[in-house]
Amino acid sequence: MTPDSALDPATMAGLWDRRWPECPPFAHWLRDHYPDRWVRFHSLPESKRYPDDEAEYAVVLGRHHTVLSELDPGPHLLVITAEWTDTPATTPQRWPRRSEVAPAAWHWRTLLEDPDDDPRYRSYTQLYAETRPWRPGVIDELLRAVADDEIGGVILGPPDLRWLYHPYDGGADVIAPTRAERDALKERHRDWLSTHPLGL
């Protein structure tokens, strides 16, 4: 898959299921399903969670740009964003900020995280997808919204989905193509790792 003209929901779903058969595209599930290829990097020194000024936003964005560039998505970056609704319908949405930072994204899938939940309290995950020409800075508005906890559930990757990148407020989870590539990333950016014994 390359630009959006070549994307369609069924093709992308099939590709996801082939690449990542153990895990549906819930961003927060990835590290538990692929621990042998997972590493978490924190966004700010000393694991500070939220940036307070433009200098700290520059550090956050710089770390994202560095790791994404080293992973090398190629000419296009696949951007998957998430919204949540109370029914399978795509509206009304709870986090309107998503459509502001990804206005060109098209609806990809509707997922129910826990089908055993009481139907009165179910939350459906609505996933949206788009590709953007890759260069550092092209998704800065989205990454800033993630850093401020204005949106969640974001997954980034190359159009062939050979690796996955999940930015969250405080850092990013990387699911590398191989364990060796994960280990090389960890070694290059040891100062960005958590001191938590589980790497969280």
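To be clear, the structure that these remarks concern was listed above.
Residues numbered from 1 in each chain as written. Predicted model: local features only at pLDDT ≥ 70, side-chain atom pairs only at ≥ 80, totals over all residues. Heavy atoms only, no water.

J.: What exactly am I supposed to notice about the side chain of T125 here?
T.: Relative to the helices and strands, T125 resides in strand 4 (residues 124–133). Of note is the side chain of T125, whose polar atom sits 3.2 Å from the side chain of W84. Setting aside chain neighbours within four positions, we find T125 in contact with F26, A82, E83, W84, R109, T110 and L111. (Helix = DSSP H or I, 4+ residues; strand = E, 2+ residues; numbered from the N terminus. Polar contact = N/O pair within 3.5 Å; in protein donor to acceptor, adjacent residues only side chain to side chain. Contact = heavy atoms within 4.5 Å.)

J.: Is there a simple way to think about the packing of aromatic side chains in this case?
T.: Scanning the model with the defined rule gives six aromatic pairs in all. With 5.0 Å between their ring centres and 85° between their planes, W20 and Y34 make a pair best called edge-to-face. Within this pair, whereas W20 is found in the loop between helix 1 (9–19) and helix 2 (30–33), its partner Y34 is found in the loop between helix 2 and strand 1 (38–42), the two being separated by 14 residues in sequence. Y34 carries the same exposure label as W20, and that label is buried. Pairing W84 with W95 gives two aromatic rings, centres 5.5 Å apart and planes at 55°, and the pair type is tilted. Taken together, the residues span a long stretch of sequence, with W84 in strand 2 (residues 76–85) and W95 in the loop between strand 2 and helix 4 (97–101) at a distance of 11 residues. (Phe/Tyr/Trp six-rings, centres within 6.5 Å; stacked < 30°, edge-to-face > 60°. Buried < 20%, exposed > 50% of the residue type's maximum accessible area, 1.4 Å probe, protein only.)

J.: What should I look at first to understand the environment of H65 in this one?
T.: Inspection of the secondary structure puts H65 in helix 3 (residues 54–71). Classification of H65 as buried rests on a relative accessible area of 16%. With 58 residues separating them along the chain, H65 and L7 place their C-alpha atoms 25 Å apart. What H65 contacts, discounting residues up to four positions off in sequence, is W134, P136, G137 and D140.

J.: Just checking my understanding: could you explain the nonpolar core for this structure?
T.: Generally speaking, soluble globular proteins have nonpolar side chains that are buried together. Formed by 26 residues in total, the largest nonpolar core has its most connected members in F41, V67, I139, L142, L156, Y165 and V174. Mapped onto this core, the elements with two or more residues apiece are strand 1, helix 3, strand 2, helix 5 (140–147) and strand 7 (171–175). Not counting residues within four places of it along the chain, the set of residues in contact with L142 comprises V79, T81, V101, I151 and V154. Of all hydrophobic cores here, the second largest spans 25 residues; its members include L15, W16, C23 and A129. (Core = buried A, V, L, I, M, F, W, Y, C linked by side-chain atoms within 4.5 Å.)

J.: Explain the side chain of R37 here, please?
T.: Its place among the elements puts R37 in the loop between helix 2 and strand 1. Salt bridges are absent for the buried R37, whose nearest opposite-charge side chain, D36, sits at 4.5 Å. Of the polar contacts made by the side chain of R37, one reaches the backbone oxygen of P177; its length is 3.1 Å. Not counting residues within four places of it along the chain, the set of residues in contact with R37 comprises W20, V174, I175, A176, P177, T178, R179 and R182. (Lys, Arg positive; Asp, Glu negative; His and termini not counted. Salt bridge = Lys/Arg side-chain N within 4 Å of Asp/Glu carboxyl O.)

J.: Can you help me understand helix 3 in this one?
T.: The α-helix advances 3.6 residues per turn, and as a result positions three or four apart in sequence lie on the same side. In a regular helix each residue adds 1.5 Å, so 18 residues correspond to 26 Å; helix 3 covers 26 Å between its end C-alpha atoms and thus fits that length. Where helix 3 begins, one side-chain oxygen reaches toward the backbone nitrogen of A55, 3.2 Å away; that side chain belongs to D53. Positive backbone phi, approximately 65°, marks D72, located one or two places after helix 3. (Expected span 1.5 Å × (residues − 1).)

On their own, these measurements won't tell you what the molecule is for.
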